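Structural overview for review
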Amino acid sequence: MRTFRFLDFVVYKEAKVFYKEIIFLVRRFPREYWELADQMRRSSLSVCLNVAEGSAKRTDKDFNRYIENALGSINEAVAGLDIALSESLVNKALFENYITKAETIAKQLGGFSKKLRSSKPI
């Protein structure tokens, strides 16, 4: 087994791209929205880091806990995007583009979680 197996996970790779795109997006936010920008950066980064950290756990049950945390973090990032939309920091088209990417990641995490829950211990 590869030491850093998360590097091969499609969901990790897509979450990393999402994080980079969030960084690019929030750089344009006005200074008074620094808290929102910071939280959006941290929540999108958390998706990547939870997948990576969980992949090192010994049991599928432990790994799944981190996948569920990652799912919570992608939801948090979407909430940040929704607030950014309501504050006119992003337009509807840009919002929809990010939501589509977040949905893809959330579905992958959900599938990953389902697979981990259904695995039988060795």
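Residues numbered from 1 in each chain as written. Predicted model: local features only at pLDDT ≥ 70, side-chain atom pairs only at ≥ 80, totals over all residues. Heavy atoms only, no water.

Quick look at unusual backbone geometry
- Although it is not a glycine, S88 sits at a positive phi angle of roughly 60°.
- Note on placement: S88 falls in the loop between α3 (60–86) and α4 (92–118). (Helix = DSSP H or I, 4+ residues; strand = E, 2+ residues; numbered from the N terminus.)

Structural notes on the packing of aromatic side chains
- Scanning the entire structure with this criterion turns up six aromatic pairs.
- When the ring of F6 is compared with that of Y12, the centres are 4.9 Å apart and the planes differ by 75°; the resulting orientation is edge-to-face. Each member of the pair, F6 together with Y12, is buried.
- Measuring from centroid to centroid gives 6.2 Å for F18 and Y98, while their planes differ by 75°, and the two rings are edge-to-face. Of this pair, F18 sits in helix α1 (residues 10–26) while Y98 sits in helix α4, and the two are 80 residues apart along the sequence. Just as F18 is buried, Y98 falls in that class too.
- One aromatic cluster is present, built from ring pairs that chain together F4, F6 and Y12. (Phe/Tyr/Trp six-rings, centres within 6.5 Å; stacked < 30°, edge-to-face > 60°. Buried < 20%, exposed > 50% of the residue type's maximum accessible area, 1.4 Å probe, protein only.)

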